[in-house]
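Now for the letters of each chain:
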Amino acid sequence: MATKTRPAELSVSSTMSAERHRIFEPFRRWGYLAAQLDPLGQYLPPEILPELEEAGALADEARRFYCGTVGVEFMHLPDAHKRQWILERMERASAPARSQPSEQQRRILTQLIQADVFEQVVQSRYLGNKRFSLEGVTALIPFLNEILEGAAERGAVQSVIGMSHRGRLNVMVNIVGRSPADVFSKFEDVNPRSCLGGGDVKYHVGATGRFVSGNGAEVDLHLVSNPSHLEAVDPVVMGRARAKQARFAGDGLDRVLPVLIHGDAAFAGQGIWAETLNLSQIRGYSVGGGIQVIVNNLIGFTAEPGETNSSRFASDLAKRLEVPIFHVNGEDPEAVVRIAAMAVEYRYAFHTDVVVDILGYRRHGHSEVDDPTITQPLRYAIIKDHPPLYEIYARRIGVDPAQEVAQAHELFAVAQKQASRMTHRTSLATLPAYWAPYHGGAHRPEDEVDTGITPERMEEIGRSLTSYPGSFHVHPKIQKLLEQRAEMSEGKRAIDFGMAEALAFGSLLREGTAVRLSGQDSQRGTFSHRHSVLIDVENEQRYTPLAHLSSDQARVEIYNSPLSEAAALGYEYGYSRDAPETLVLWEAQFGDFANGAQVITDQFITSGEDKWGLLNAVVVLLPHGYEGQGPEHSSARIERYLQLAARDNIQICQPSTAAQYFHLLRRQARRPWRKPLIVFTPKSMLRHPEASSPRDAFSAPRFQTVLPETEIADVRRLLIASGKIGRELRMERAKRTAGHTGIVFLEQLYPWPENELGEEIARHAQAREIVWVQEEPANMGALSFVVPRLRRLAPERTVLSVKRSAAASPATGSAKAHALEQKTLLTMALHEDRG
């Protein structure tokens, strides 16, 4: 029989509940400010708040939950269910004290010993070498172990980990599972000839391994290569995680867990991390949440917290998102592990980011060759006598660690001796199987593939591209555009750049190649030229014709990106790293906007293969051309990319016709040679008849690196140009009486088409003068790259150049001045000395 609750009992229970809520509420909201978080008690003392001065048993209980060695910020979450989820776990009673250490405590102690002794051995054996020690926050090792245990329990089979140099070698050995001898061999620097002119320092390279959980579940780990630009790896990790997740049908978010490990000063100060954080819940970028860990030394190089962030916590940036932030004292390893378990559980429950701020200290200077007593004498006087964490924790749980410490020293000493005898460098990372069909290295002619398609296939794709459901209401202007595109695919109208790109995408999708494109306004196109996503004018529903080509087509994704360059490009680079079979493109709104992503271009895209042996084939679309729009909307800075070009590391092209653009995109997707492709795309020429192509040009075999002169037979003066200026030269030449000036288009600037251009120059034996023509000033554009190569190709001929005068700014801000300059360029280029 059920027991009935009396009204008096309900009243007492309700009163007690209300009282508990009244007392607990300020602790839930503000308790983290009074938490005991700084192990050294120097920079982050608990705040004294009147809201937390309540006395009594309930207040003491609340203080124990929220003002101990864990502080949590969660009351800003608008979702009551998430708040309740956290407070229920925070307010659970502690386990009773044990007379003997538990299995978990012994496991934590072992992990701490392994972490600290590894650093001690490296310090003693390789004194004076930089290693960026983890000492002071070695609780990161049991933290990561618990994260991976929890992820494996919930079905994860892969984890992508990003971190900068602090503690990286420790994580390689104690989490990723790389052999200590392999890591020590990087200090020995065996066989340096194997990386002459390439390679990277040991604390930047990536590593792969496998984590085996307590119940035998396996999680493949990939620690992503990262340069010294601390947070630059963040969007790369997220892009890689997204690509890996896409390989799983339906449950990819649970199967692949991204983990990012940040420094405190970098988390607060690096803009690329703010950009990446903003991607968290945006369609096209979300990875179902990541574990964001701050390894908080309370110092940034030599800067103290008050010099690195304006607010109390380095983590405050994360408050822009609806995510919980846990702060935990790094010298309470059990609290660290408890929060790790809660963090991974929360991520899988709600698929959002979780931020965990582990506060500790840095035992040495920024690197081991620095003397930190110069800038922080008081702090390092404390640290000098502060024992390593494993000693503190061993005393706390009543264990003598001496024997285990000695065993760890012996283990690492043996590994060091093995490393000293190695005769070759061991790679710490292995490529996944899906990279097997592809290769990098030098370009080989046999890698070239045909890229043309039949007129019948063009018509078939064209019908799908210009169709939409009968109930869909298309904008009248777009309706007209679709009618014109239908005529293009039928051969009734020349094909412009927008349709050429759509045909390239459509044909690849039909052949089984997935396409992913992102950028600011990329669905419509900055210049209203793409319109890959149609919008219903009555209800704003969206329809993507490229997604409705056939039932067996590949996946297509076209996204408008946030107003970001560095994170957006880094994300697509990362996606391309784990989707080599996909055509991955990022488009800048204007070409020079890519300046904001220079770190991604320099440190990953152009140098990743040389430094780390890592291939990628991301396509970077950079609108370029001088049309009088001012300094910021003219040049995509061709010179910068050419300066980065060496050892066949990238491709740099400027297609001058729609058909050339079509073949270039298909070439990038279909050939096995995987290299980044930088494309300088047109603006004013997107729809221009001079740059449009007849349908039969799309059935031509391949992209042409050089477009020959086809109209002038007796060439006495040969102009060589790339892109829009070449088309303008042709149009201007057509207005004049027949002369002897030929025009050749350099469609690919790098790899330099030595043979193709040499053959074209040789074909015009009567041309005694070769002139490079460019729109850019003399100190910009391709001039300094091209002219020396032309002189090498034609040493017996005069090589000249026509360009704007050298300038600090790429272009004038006056439309009239631009028109005058452009007219002068064309006149000078087409001038023939008939004397």
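Above: the structure in question.
Within every chain, residues take consecutive numbers counted from 1 along the sequence as written. pLDDT decides what is reported in this predicted model: residues at 70 or higher carry local features, side-chain atom pairs at 80 or more are listed and counted, and totals for whole chains, interfaces and linings draw on all residues regardless. Water and hydrogen atoms play no part in the side-chain values, which are based on all heavy atoms of the structure.

### Points about the overall build of the protein chain
Now for step 1: When its secondary structure is counted, the protein chain shows 28 helices and 22 strands.
Now for step 2: The quantity called the radius of gyration is restricted to C-alpha atoms. Its globule counterpart is 2.2 Å times the number of residues to the power 0.38. Its C-alpha radius of gyration of 31 Å places the protein chain within 12% of the 28 Å reference for a compact globule of 835 residues.
Now for step 3: Its C-alpha atoms put the protein chain at 105 × 70 × 50 Å along the principal axes.
Now for step 4: Out of the 835 residues belonging to the protein chain, those deemed buried represent 59%.
Now for step 5: Contacts in the protein chain between residues far apart in sequence, at least 24 positions, make up 82% of those at least 6 positions apart.
Now for step 6: When the accessible area of the protein chain is evaluated, it comes to approximately 33500 Å², of which 50% is carbon and sulfur surface. We count a stretch as a helix when DSSP gives it H or I for four or more residues in a row; a strand needs E for two or more, and each element gets its number in order from the N terminus. Each residue is placed in one exposure class: buried if its accessible area under a 1.4 Å probe, protein chains only, is under 20% of its type's maximum, exposed if it is over 50%, and partly exposed if it falls in between. Residues are treated as being in contact if the distance between any of their heavy atoms lies within 4.5 Å. Values of accessible area rely on a 1.4 Å probe in the Shrake-Rupley scheme; residue burial ignores everything except the protein chains shown.

### Thoughts on the packing of helix H3 (residues 80-90) against helix H13 (residues 333-350)
Now for step 1: Working convention: axes come from line fits to C-alpha atoms, limited for helices to the stretch in contact. Angles between N-to-C directions cover 0 to 180 degrees. Their axes nearest at 12 Å, the elements H3 and H13 cross at an angle of 155°. When the interaxial angle is binned, H3 and H13 end up roughly antiparallel. Regarding H3 and H13, the two cross each other, and that crossing is right-handed. Two secondary-structure elements touch here, H3 through His 81, Lys 82, Trp 85, Ile 86, Arg 89 and Met 90 and H13 through Arg 338, Met 342, Glu 345, Tyr 346, Ala 349 and Phe 350.
Now for step 2: Under this grouping Gly is polar, as are all residues other than the nonpolar Ala, Val, Leu, Ile, Met, Phe, Trp, Tyr, Cys and Pro and the charged Asp, Glu, Lys and Arg. Residues of the contact of H3 with H13, tallied by class, amount to 7 nonpolar, 1 polar and 4 charged. Roughly parallel refers to an angle under 35 degrees, roughly antiparallel to one over 145, roughly perpendicular to one between 65 and 115, and oblique to any angle outside these ranges. A crossing counts as left-handed when the near helix is turned anticlockwise from the far one by less than a right angle, and as right-handed when that turn is clockwise.

### Details of the environment of Tyr 573
Now for step 1: With respect to the secondary-structure elements, Tyr 573 resides in helix H20 (residues 566-577).
Now for step 2: Separated by 337 residues in sequence, Tyr 573 and Val 236 have C-alpha atoms that sit 6.4 Å apart.
Now for step 3: Those residues in contact with Tyr 573 that sit more than four places away from it in its chain are Val 236, Phe 604, Ile 605, Asn 616 and Val 618.

### Topic: the packing of helix H4 (residues 103-125) against helix H15 (residues 389-397)
Any two packed helices are characterised by how steeply their axes cross, that is the angle between the axes, and by the distance between the axes.
Now for step 1: Where H4 meets H15, the axes come as close as 8 Å, and the angle between the chain directions of the two elements is 155°. By the angle between their axes, H4 is roughly antiparallel relative to H15. Note that H4 runs across H15; the crossing there is left-handed. Residues Gln 105, Ile 108, Leu 109, Leu 112, Ile 113, Asp 116 and Gln 120 of H4 lie in contact with H15, whose contacting residues are Leu 389, Tyr 390, Tyr 393, Ala 394 and Ile 397.
Now for step 2: Among the residues forming the contact of H4 with H15, the class breakdown is 9 nonpolar, 2 polar and 1 charged.

### Observations regarding the pairing of strand E21 (residues 769-777)
Now for step 1: The buried fraction of E21 is high, at 8 of 9 residues.
Now for step 2: Each pair of strands is called paired provided DSSP finds at least two bridges between the two strands. Sheet topology note: the strand E18 (residues 717-721)/E21 ladder contains 4 bridges and is parallel. Bridging across to E21, Arg 717 finds its partner in Glu 769.
Now for step 3: Two strands pair when backbone bridges link them, and E21 and strand E22 (residues 798-804) are joined in this way by 6 bridges, in the parallel orientation. Along E22, the bridge assignment pairs Glu 769 with Thr 798.
Now for step 4: Following the chain from E21 across helix H27 (residues 783-793) to the adjacent parallel E22, one finds a crossover that is right-handed. Handedness of a crossover is defined as follows: orient the strands so they point away from the viewer, and if the path from the first strand over the helix to the second runs clockwise, the crossover is right-handed.

### A short note on the pairing of strand E12 (residues 556-560)
Now for step 1: Counting buried residues along E12, 4 of its 5 residues qualify, which places the element largely inside the surrounding structure.
Now for step 2: One ladder, built from 5 bridges, connects strand E9 (residues 515-519) with E12; its direction is parallel. Residue pairing in the sheet places Leu 517 in a bridge with Ile 558 of E12.

### Some words on helix H18 (residues 476-489)
Now for step 1: One less than the number of residues in a helix, times 1.5 Å, gives the span that helix is expected to have. With 14 residues, H18 ought to run about 20 Å at 1.5 Å a step, and its terminal C-alpha atoms sit 20 Å apart, in line with that.
Now for step 2: Every buried residue belonging to H18 is among Ile 478, Leu 481, Leu 482, Arg 485, Ala 486, Met 488 and Ser 489, and all of these are buried. End-on view of H18: buried residues confined to an arc of 155°, all on one side of the axis. The outward face of H18, more than 90 degrees from its buried face, is lined by the exposed residues Pro 476 and Lys 477.
Now for step 3: Of the residues one or two after H18, Gly 491 is the one with positive phi, at around 85°. Picture the helix axis, draw a direction to every C-beta atom, and the arc is the one those directions span.

### Re the sheet that holds strand E19 (residues 741-746)
Now for step 1: Here we have 5 strands laid out as an open sheet, ordered E17-E19-E18-E21-E22, and mixed in their pairing. In this open sheet, the two strands that pair with only one neighbour each are strand E17 (706-707) and E22.
Now for step 2: Of the strand pairs in this sheet, E18 and E19 are connected by 5 bridges, and their pairing is parallel. Bridging across to E19, Arg 717 finds its partner in Thr 741.
Now for step 3: Running at roughly 170° to E22, helix H28 (residues 815-830) makes contact with E18, E19, E21 and E22 of the sheet.

### Looking at the nonpolar core
Now for step 1: We define the nonpolar core as a collection of buried residues of types Ala, Val, Leu, Ile, Met, Phe, Trp, Tyr and Cys that are connected through side-chain atoms lying within 4.5 Å of one another. Of all hydrophobic cores here, the largest spans 180 residues; its most connected members are Phe 143, Phe 184, Leu 622, Ile 652, Trp 772 and Leu 790.
Now for step 2: Top element by residues in this core is H13. It accounts for 11 residues.
Now for step 3: Counting residues in each nonpolar core, the second largest holds 44 residues, with Met 458, Phe 497, Ala 659 and Leu 665 among its members.

### A closer look at the pattern of salt bridges
Now for step 1: Put simply, a salt bridge is a Lys or Arg side-chain nitrogen that is within 4 Å of an Asp or Glu carboxyl oxygen. Tallied over the entire structure, the rule returns 59 salt bridges.
Now for step 2: Between Arg 493 and Glu 487 there is a salt bridge, with its nearest N and O atoms 3.1 Å apart.
Now for step 3: Residue Arg 493 is classed as partly exposed on the basis of its relative accessible area, which comes to 36%.
Now for step 4: Classification of Glu 487 as partly exposed rests on a relative accessible area of 30%.

### Description of the side chain of Thr 657
Now for step 1: For Thr 657, the position within the fold is in the loop between strand E15 (651-653) and helix H24 (658-670).
Now for step 2: One polar contact links the side chain of Thr 657 to the main-chain amide nitrogen of Gln 660, over a distance of 3.1 Å.
Now for step 3: Other than its neighbours up to four places away in sequence, Thr 657 contacts Phe 497, Ala 691, Ser 693, Leu 707, Arg 727 and Glu 747. Whenever two N or O atoms come within 3.5 Å, that pair is a polar contact, provided that in protein one can donate a hydrogen and the other can accept it, and provided that, for residues adjacent in sequence, both atoms are side-chain atoms.

### A closer look at unusual backbone geometry
Now for step 1: Here Tyr 750 and Pro 751 are connected by a cis peptide whose omega angle stands at -10°.
Now for step 2: Mapped onto the elements of the fold, Pro 751 is located in the loop between strand E20 (748-750) and helix H26 (754-763).
Now for step 3: At His 531, a position not held by glycine, the phi torsion is positive, near 50°.
Now for step 4: Structurally, His 531 is set in the loop between E9 and strand E10 (534-535).
Now for step 5: Even without being glycine, Arg 647 reaches a positive phi, approximately 55°.
Now for step 6: Looking at the secondary structure, you find Arg 647 in the loop between helix H23 (638-643) and E15.
Now for step 7: By relative accessible area, which is 54% here, Arg 647 ends up exposed.

### Some words on the side chain of Arg 362
Now for step 1: One can find Arg 362 in the loop between strand E8 (354-359) and helix H14 (377-384).
Now for step 2: Positive: Lys, Arg. Negative: Asp, Glu. His and the chain ends are not part of the count. Lacking a salt bridge, the buried Arg 362 has Asp 370 as its closest oppositely charged neighbour, with an N-O distance of 6.4 Å.
Now for step 3: Once residues lying within four places of it in the same chain are set aside, the contact partners of Arg 362 are Glu 135, Arg 166, Asn 297, Ile 299, Phe 301, Pro 372, Tyr 380 and Ile 383.

### Comments concerning the packing of aromatic side chains
Now for step 1: Side-chain rings of Phe, Tyr and Trp (the six-membered ring for Trp) are treated as a pair once their centres are within 6.5 Å; stacked means planes under 30 degrees apart, edge-to-face means over 60, and tilted covers the remaining angles. Within this structure, the stated rule accounts for 24 aromatic pairs.
Now for step 2: Taking 5.8 Å as the distance between ring centres and 80° as the angle between the ring planes, the aromatic pair formed by Trp 85 and Phe 350 counts as edge-to-face. Residue Trp 85 is located in helix H3, and its partner Phe 350 is located in helix H13; the two are separated by 265 residues in the primary sequence.
Now for step 3: According to the relative accessible area criterion, Phe 350 is buried, its value standing at 16%.
Now for step 4: Taken together, a centroid distance of 4.9 Å and an interplanar angle of 70° make the contact between Tyr 285 and Tyr 571 edge-to-face. You can see Tyr 285 sitting in the loop between helix H11 (271-278) and strand E6 (291-296) and its partner Tyr 571 sitting in helix H20, a full 286 residues away along the chain. With respect to burial, Tyr 285 and Tyr 571 carry one shared label: buried.

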